[in-house]
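Single-letter residue listing:
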Amino acid sequence: MEIKKLQQRVRRRLLPLLRRQRMAVLAAPVVAAVLLLTWAAYGEAQYVLYKDATKPVEARVTDLLARMTLAEKIGQMTQIERQVASPQVLKDYFIGSLLSGGGSVPRKQATAAEWVSMVSDFQKGSLSTRLGIPMIYGIDAVHGHNNVYGATIFPHNRIGAATALEVRATGIQYAFAPCIAVCRDPRWGRCYESYSEDHRIVQAMTELIPGLQGDVPANFTSGMPYVAGKNNVAACAKHFVGDGGTQNGVNEDNTIIDRRGLMTIHMPAYLNALQKGVSTVMISYSSWNGIKMHANHDLVTRYLKDRLNFKGFTISDWEGIDRITTPAGSNYSYSVQAGVLAGIDMIMVPNNYQSFISILTSHVNNGIIPMSRIDDAVTRILRVKFTMGLFENPMPDSSMADQLGKKEHRDLAREAVRKSLVLLKNGKTSDKPMLPLSKKAPKILVAGSHADNLGYQCGGWTIEWQGDTGRITVGMTILDAVKAAVDPSTTVVFAENPDADFVKNGGFSYAIVVVGEHPYTETKGDSLNLTIPDPGPSTVATVCGAAQCATVLISGRPVVVQPFLGAMDALVAAWLPGTEGQGVTDVLFGDYGFTGKLPRTWFKSVDQLPMNYGDAHYDPLFPLGFGLTTQPRTY
């Protein structure tokens with residue numbers, strides 16, 4: 001079309017000129033003039049401001065927005081699951097974003113190259129549209145690139161820059177992390193995704209954001225999105241706001257608290273996130289005093305966008321707008337209306353995108369949702385895409401494949417594990433510590449359901465949405481790590497759940513018992529009793545009743561330990577360490593000392609819950625900030 005217009009313009013200018021020219025001597029100047037006119041017109045037709053990387057982001061956004069149809073705008077607001085996507089779907093519906101839900105992969109054990117190939121094919125579909133707006137691909141990289149086989153699995157929400165590199169290694173540019181919830185009740189199934197019950201600790205840990213996105217420049221304006229370059233990813237502060245304060249820790253439920261409490265406990269970390277340039281904010285499934293956050297215009301628009309000046313884009317959670325109604329999806333037309341008018345910019349549909357697009361289009365055409373709201377949403381989405389350089393570098397960089405699970409990242413994860421372990425007990429009496437353990441003991445026992453189970457060690461959000469059991473990815477179990485740590489002369493015996501006679505008569509110098517929670521995420525992790533699953537308690541009782549024992553507890557949160565604490569000689573809270581089991585043995589055997597402190601209160605009984613530092617009824621088994629220390633062993 002542009003070529004035809006160009007030809008017509010040249011013809012209109014050239015023919016009158018040629019009719020006036022009868023002398024051959026003028027032929028050369030006329031040809032020159034024609035060429036100048038042609039190239040000037042050609043350049044004028046080809047220049048598009050939004051494609052000019054030298055222009056300011058806001059000018060590019062304004063230029064592109066003015067060129068877009070309603071269908072193209074609504075497409076940008078739509079995020080769909082890769083399983084219902086194809087390059088043709090992205091082209092036909094102008095889809096702005098894709099995602100992989102938990103466990104959604106090209107194939108089991110897919111390589112980085114296979115991920116890159118998949119993302120590239122999708123991106124080609126987006127770039128083939130009239131305006132060539134690249135899509136952005138999101139994934140739950142919440143403790144490393146945890147959906148991807150062979151990736152380094154870090155302790156939750158701890159490592160940013162290395163995670164960004166591993167995400168980029170697969171061609172993906174957007175991580176749904178960090179969770180900056182303030183978990184006020186460990187019965188909540190997402191408590192391990194939260195840093196602490198103390199908002200000050202959560203605020204400090206928003207430093208993960210510059211790890212993922214890069215450090216903001218000097219004189220940065222709080223609230224603007226920022227991604228340093230193609231080795232970084234867009235981050236996502238979630239879940240706005242109050243998700244860690246629901247009644248009795250019930251996932252997606254109601255947070256009952258006055259506005260002052262909401263602002264002083266649950267909101268502060270969002271201010272830090274905005275100061276660090278977080279690109280996106282995910283809205284919470286939960287409600288605040290009965291109002292669904294996905295429909296809360298006061299907090300999403302008036303507070304986050306207007307008062308805090310957030311200029312990135314907000315995104316719904318998975319089918320989050322569907323859950324505005326009870327039961328979910330019972331009035332989808334109203335849900336679309338309520339969610340978009342509340343101020344949600346990108347909707348994680350994720351499957352039924354045709355219905356969402358049709359309904360939102362109808363709402364705009366019928367005046368239910370004003371075009372200004374659509375333009376606000378698309379402006380924000382485009383701002384993030386331009387800021388992160390997605391228009392200049394839309395395609396994956398296949399040369400980054402070696403970043404996935406690289407040794408330097410595994411070493412970093414190992415360091416993070418040993419620094420995050422918390423020593424809760426060391427010896428039956430304070431003057432007779434058990435740890436560090438001797439590497440040269442003649443014979444030791446390793447027991448427990450979690451000692452040789454990489455899936456249990458990594459927890460939820462690993463390879464599968466709910467996690468899994470066994471050798472689910474590349475890594476080293478704690479049993480592997482024990483065998484690697486001890487002297488070659490030491491005999492290591494593994495018995496997952498031995499009987500008392502076996503332990504008593506085994507001639508063991510000491511035992512290491514590794515037990516804990518099974519993997520879970522979200523609602524499936526809600527627990528009113530917080531007990532260690534069987535046979536964990538009986539294994540501890542049996543082994544610790546017959547031999548000197550150090551218990552390593554794998555869990556996403558404090559659990560009931562008081563009934564068998566007396567039987568243990570040592571107790572280590574290892575949380576969910578991930579793939580690098582040697583981080584545990586580094587401190588058990590004294591290559592490094594224990595330095596970790598509890599980021600949340602450890603209760604005596606669930607009857608005390610909720611109980612947080614500063615409460616009038618505060619009577620913990622171990623208080624917030626508790627942690628014994630040891631010195632490295634000198635050999």
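Just so you know, these numbers come straight off a predicted model, no measurement behind them.

Let's shift gears to the nonpolar core. Formed by 141 residues in total, the largest nonpolar core has its most connected members in Phe240, Leu360 and Leu588. Looking at this core element by element, the count peaks at seven residues for helix H15 (residues 371-387). Those residues in contact with Leu360 that sit more than four places away from it in its chain are Ile74, Met77, Val336, Val340, Ile369 and Ile374.

Looking now at the environment of Ile153. Relative to the elements of secondary structure, Ile153 occurs in the loop between strand S3 (136-139) and helix H7 (161-169). It is 36 Å that separates the C-alpha atoms of Ile153 and Gly507, two residues lying 354 residues apart in sequence. The residues touching Ile153, leaving out its near neighbours within four places in the chain, are His143, Asn146, Ala413, Cys458, Thr462, Pro577, Gly578 and Thr579.

So, on to helix H20 (residues 536-544). Within H20 the residues assigned to the buried category are Gly536, Pro537, Thr539, Val540, Val543 and Cys544. Relative to the axis of H20, the buried residues are bounded by an arc of 160° and lie together on one face. Residues of H20 that are buried in the fold lie against strand S13 (443-447), helix H19 (500-504), strand S15 (510-516), strand S16 (549-554) and helix H21 (562-565).

This paragraph deals with the UniProt feature "domain: Glycoside hydrolase family 3 N-terminal" (unreviewed entry) in the protein. Per the UniProt annotation, the sites labelled "domain: Glycoside hydrolase family 3 N-terminal" (unreviewed entry) are residues 69-384. Across residues 69-384, the secondary structure splits into 37% helix and 11% strand, with the terminal C-alpha atoms separated by 20 Å.

Taken together, the buried positions of helix H18 (residues 478-485) are occupied by Ile478, Leu479, Ala481, Val482 and Ala485. Buried residues of H18, seen end-on, are gathered within an arc of 160° and therefore sit on one face of the element. Where H18 is buried, its residues touch S13, helix H17 (454-458), strand S14 (491-495), S15, S16 and helix H22 (582-588).

All right, on to the sheet that holds strand S17 (residues 570-575) then. Here we have six strands laid out as an open sheet, ordered S12-S17-S16-S15-S13-S14, and mixed in their pairing. Each edge of the sheet is formed by a strand with only one pairing partner; in this case those strands are strand S12 (422-426) and S14. Across the sheet, the axes of successive neighbouring strands diverge by a mean angle of 20°, strand direction being ignored. Bridging between S12 and S17 involves four bridges; their strand directions are antiparallel. The residue bridging Lys425 from the neighbouring strand is Leu571, located in S17. This element, H18, spans S13, S14, S15 and S16 of the sheet and lies at about 165° to S14.

Time to look at the domain arrangement of the protein. For the protein, the domain assignment lists domain 1 (47-401) and domain 2 (405-606). One C-alpha centre belongs to domain 1, the other to domain 2, and the line joining them spans 35 Å. Contact between domain 1 and domain 2 buries roughly 3,200 Å² in total, counting both sides, with carbon and sulfur atoms accounting for 54%. Summed over the shared surface of domain 1 and domain 2, the number is two salt bridges. Glu464 serves as the salt-bridge partner of Lys108, at 2.0 Å between the closest nitrogen and oxygen. Inspection of the domain 1/domain 2 interface yields 23 residue pairs in polar contact (both at pLDDT 80 or more). Looking at which element gives the most residues to the side of domain 1 that touches domain 2, the answer is H7, with three residues. Tallied by class, residues from the side of domain 1 that touches domain 2 come to 19 nonpolar, 13 polar and eight charged.

So, on to the pattern of salt bridges. According to the stated counting rule, one finds 31 salt bridges in the structure shown. The shortest N-O distance in the salt bridge between Arg383 and Glu58 comes to 2.8 Å. Here the residue Arg383 occupies a position in helix H15, and Glu58 occupies one in helix H3 (residues 57-67), the gap between them amounting to 325 residues. A residue is classified by how much of its surface remains accessible, and Glu58, at 35% relative accessible area, is partly exposed. When the shortest N-O distance is used, the salt bridge between Asp63 and Arg67 registers 2.9 Å. Of this pair, Asp63 and Arg67 both sit in helix H3, four residues apart, which is roughly one turn of the helix. Owing to a relative accessible area of 17%, Asp63 belongs among the buried residues under this scheme. Residue classification places Arg67 among the partly exposed positions, given a relative accessible area of 34%.

Cut-offs used in this document
- Residues numbered from 1 in each chain as written.
- Predicted model: local features only at pLDDT ≥ 70, side-chain atom pairs only at ≥ 80, totals over all residues.
- Heavy atoms only, no water.
- Core = buried A, V, L, I, M, F, W, Y, C linked by side-chain atoms within 4.5 Å.
- Buried < 20%, exposed > 50% of the residue type's maximum accessible area, 1.4 Å probe, protein only.
- Helix = DSSP H or I, 4+ residues; strand = E, 2+ residues; numbered from the N terminus.
- Contact = heavy atoms within 4.5 Å.
- Arc of directions from axis to C-beta.
- UniProt positions renumbered as here; feature names shortened; annotations may be inferred.
- Pairing = 2+ DSSP bridges.
- Axes fitted to C-alpha atoms, helices over the stretch in contact; angles between N-to-C directions.
- Domains from an automatic or database assignment.
- Buried area = accessible area lost by both parts, 1.4 Å probe.
- Salt bridge = Lys/Arg side-chain N within 4 Å of Asp/Glu carboxyl O.
- Polar contact = N/O pair within 3.5 Å; in protein donor to acceptor, adjacent residues only side chain to side chain.
- Nonpolar A, V, L, I, M, F, W, Y, C, P; charged D, E, K, R; others polar.

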